[in-house]
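Below, each chain spelled out in residue letters.
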Amino acid sequence: MPLPFPRPGPLVGPRHLRKNMHVLHRVRVFVYHLNQGTPSYLLLHSAQGIEGLWRPVNGNIDYSEQFETAVRREVLEDTGLTSRSAILDLELPLRQIFGDQEVVHWNYGFRVDSIPSELHLDRRFDCHRWALYGDAFPDFGLEGDRTGVTRLHTKLGAA
């Protein structure tokens, strides 16, 4: 089965970029619920180092895994949530370089029909909360998370 993205190869560009750059593809998933047209967003929290921030669902895309499959798998693994709703591609790949590794975050929206009273959080997370955009935006700890939730909020027509 082919990769859903081009096979990573050496980067061509400025001299400061290493020739043998490794590329890691990850999904960043903004789980949301619409209540009379107003979205609420799920924020997950972990108390471990830099990951001790409020974040959306996120994780690696497995080799040869399709984007939609990775999105649904990560949401299920991190929260226990499932949904038959369409997944919204935010068309916002964000790239970061750490030494000899490039990380590409593929951003998606994942709609749930109702907010469950309880989530089955992955052990990496110690709590969660649902928030309206005005509260979620400043609480997302990383710039890429704030960019992604803003793109989703705009695509939903709620901005």
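Fair warning: this is a prediction, and the values are worked out from it, not measured in the lab.

A. The arrangement of the environment of threonine 79 in detail. Relative to the helices and strands, threonine 79 is located in helix α1 (residues 67-79). With near-sequence residues (within four places) excluded, threonine 79 lies in contact with Leu42, Leu44, Val57, Leu119, His120 and Leu121.

B. How the structure looks around the pattern of salt bridges. Tallying each qualifying case throughout the model produces 11 salt bridges. A salt bridge links aspartate 62 to arginine 73; its shortest N-O distance comes to 3.6 Å. In this pair, aspartate 62 sits in the loop between β4 (57-60) and α1 while arginine 73 sits in helix α1, placing the two residues 11 residues apart along the sequence. With relative accessibility at 39%, the residue aspartate 62 sits in the partly exposed group. Among the residues examined, arginine 73 registers a relative accessible area of 18% and is labelled buried.

C. Local environment of the nonpolar core. Within the largest apolar cluster, 21 residues are counted, with the highest numbers of intra-cluster contacts made by Val29, Val31 and Phe110. Counting only elements with at least two residues in this core, the list comes to β1 (22-35), β2 (38-45), α1 and β7 (101-111). Ignoring sequence-local partners within four residues, the contact set of phenylalanine 110 consists of Val29, Phe30, Val31, Tyr32, Val71, Arg72, Val75, Thr82, Ser83 and Ile87. In terms of nonpolar packing, the next biggest core, distinct from the first, is built from 11 residues, Phe30, Tyr32, Ala131 and Leu152 among them.

Reading guide: rules and limits
- Residues numbered from 1 in each chain as written.
- Predicted model: local features only at pLDDT ≥ 70, side-chain atom pairs only at ≥ 80, totals over all residues.
- Heavy atoms only, no water.
- Helix = DSSP H or I, 4+ residues; strand = E, 2+ residues; numbered from the N terminus.
- Contact = heavy atoms within 4.5 Å.
- Salt bridge = Lys/Arg side-chain N within 4 Å of Asp/Glu carboxyl O.
- Buried < 20%, exposed > 50% of the residue type's maximum accessible area, 1.4 Å probe, protein only.
- Core = buried A, V, L, I, M, F, W, Y, C linked by side-chain atoms within 4.5 Å.

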